[in-house]
Amino acid sequence: MDVLERDYSPILLADHAPPCLSLYQRTHRHHPDNQQDPIRFRNSIKLLEASLRQKYATSDVEPLLAPFHALAADRAFWNHTLDGLAVLAAPGLFKVYRLQRPVRELAIVADSFHTKPLLRILQSADRYHILGLNRHQMRLFEANRDTVDEIEPQPGVPRTVADVVGEPEGGPERKNRVYGSTATGAAPTGTTSHGTDVRKATLDNDTEHFFRAVDREVLERYSQPSGMPLLLAALPEHHHLFRSVSRNPLLVAEAIDTHPDDLSLDALRERAWSLMLPRYLQRLSGLTDRFHAAKPDGLSGSDLAAVAKAAAEGRIAVLLIEADRQIPGAFDAATGAITRGDLAHPELDDLLDDLGERVLKTGGEVVIVPAERMPTKTGLAAIYRY
């Protein structure tokens, strides 16, 4: 499965040769609700096809839609969906993302991808990872305040200690052998290590190698691309070793002192969110304080027209967007001019999402904030670089 955090900036925000196909729909985790999901997906494919045939020849349309049809027929996929689905395609590109949050149904063909729903999900402030770890295996989860889902590790990410060091005990001969500096017929030197000691030393060494490998791969493949905090879930005796070898700056001090194998997903979510909630509130409070502190110097604002102009000029360092708020209209990224309108109009979108995309492309930070935590009533709050 494609990884949204890894793809968003280098692929989804990049320019692609048209046509660009964007399909979104709500999905369901359980039977019987999920039985309608592939049917609705096929209906959306028909909408894409109708749109494509207005401009492109059949020889161009069929290769673009072939992977959509293959996905529609994949029963295993539809039996393991989450709350939402995003499928993006262009010549030579096909990306599928299972989403932890529902999205509005949409099937559109355009010169660029429609990525606004993905922006909303990626920039939400309540997302984090959970790393379940013991001597033998790792499990990785993506979570937010409402749900937690296990992530299928990418190829090359070690799932077990055997993936890193082979069989940890090295087979029966390694288990029973006596190691030391004595040769046949020689007197003991006092440095002989018996099998039990060697097994413990080997196990400790293998565990350290495993923890280092897990830390490296999680950092490079998940933490760095997403910027999400990492919460450790492990028995107490494994916490110190992992933290001593970890180089992940997003590993938080709080931890769950139980391996996820011993918890239901609901129990894991509840325990994890109880630890992450204070951090979440502290982060939002810090952003609000920054916004208010910058206001007397003219370095923050919430007026839509002024913020749009600053976004076009690349002056926004942080943009807070109110979750679930929409302001229909169009945004000119070159001039900062905005046009109000109706979301039903095919050429108009959500101004807040357009501004968010512009801020990301100019190196700023975008944070989706619940309405009750927003420092303004306009739907957005910007902190300027200058």
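Below is a summary of the structure that appears in this document.

Reading the values: rules and limits
- Residues numbered from 1 in each chain as written.
- Predicted model: local features only at pLDDT ≥ 70, side-chain atom pairs only at ≥ 80, totals over all residues.
- Heavy atoms only, no water.
- Helix = DSSP H or I, 4+ residues; strand = E, 2+ residues; numbered from the N terminus.
- Buried < 20%, exposed > 50% of the residue type's maximum accessible area, 1.4 Å probe, protein only.
- Polar contact = N/O pair within 3.5 Å; in protein donor to acceptor, adjacent residues only side chain to side chain.
- Contact = heavy atoms within 4.5 Å.
- Phe/Tyr/Trp six-rings, centres within 6.5 Å; stacked < 30°, edge-to-face > 60°.
- Lys NZ or Arg CZ within 6 Å of the ring centre and 35° of its normal.
- Pairing = 2+ DSSP bridges.
- Axes fitted to C-alpha atoms, helices over the stretch in contact; angles between N-to-C directions.
- Salt bridge = Lys/Arg side-chain N within 4 Å of Asp/Glu carboxyl O.

**As for the side chain of Asn-144**
Part 1: Topologically, Asn-144 is positioned in the loop between β6 (138-143) and β7 (148-151).
Part 2: A relative accessible area of 2% places Asn-144 in the buried class.
Part 3: A distance of 2.7 Å separates a polar atom in the side chain of Asn-144 from the backbone nitrogen of Asp-146.
Part 4: If sequence neighbours within four positions are ignored, Asn-144 has contacts with Gln-100, Arg-101, Asp-126, Arg-127, Tyr-128 and Arg-269.

**Some remarks on the packing of aromatic side chains**
Part 1: Scanning all chains against the criterion turns up eight aromatic pairs.
Part 2: Each ring, one from Phe-41 and one from Phe-68, has its centre 6.4 Å from the other, and the planes form 25°; the classification is stacked. Here the residue Phe-41 occupies a position in helix α2 (residues 37-53), and Phe-68 occupies one in helix α3 (residues 58-72), the gap between them amounting to 27 residues. Accessibility classification places Phe-41 together with Phe-68 in one group, the buried group.
Part 3: Here the aromatic residues Phe-41, Phe-68, Phe-77, Trp-78 and Phe-94 are joined through ring pairs into a cluster of three or more.
Part 4: Over the face of the ring belonging to Tyr-384 we find Arg-315, whose NZ or CZ atom lies 5.1 Å from the ring centre.

**Things to note about the sheet that holds strand β10 (residues 300-301)**
Part 1: On the basis of which strands lie adjacent, the open sheet formed by four strands has the order β10-β16-β11-β15 and mixed pairing. Strands at the two margins of the open sheet, each flanked by one partner only, are β10 and β15 (365-369).
Part 2: By the bridge criterion, five bridges tie strand β11 (residues 316-322) to strand β16 (residues 380-384) in an arrangement that is antiparallel. Bridge pairing in β16 links Leu-320 to Ala-381.
Part 3: Helix α11 (residues 304-312) rests against β10, β11 and β16 of the sheet, and its axis sits at about 45° to β16.

**Some words on the pattern of salt bridges**
Part 1: The tally for this structure, following the rule as stated, stands at 26 salt bridges.
Part 2: One salt bridge in this structure joins Arg-101 and Asp-126, with 2.6 Å as the shortest N-O distance. In this pair, Arg-101 sits in the loop between β3 (93-99) and β4 (106-110) while Asp-126 sits in the loop between α5 (116-122) and β5 (128-133), placing the two residues 25 residues apart along the sequence.
Part 3: Overall, the relative accessible area of 3% leaves Asp-126 in the buried class.

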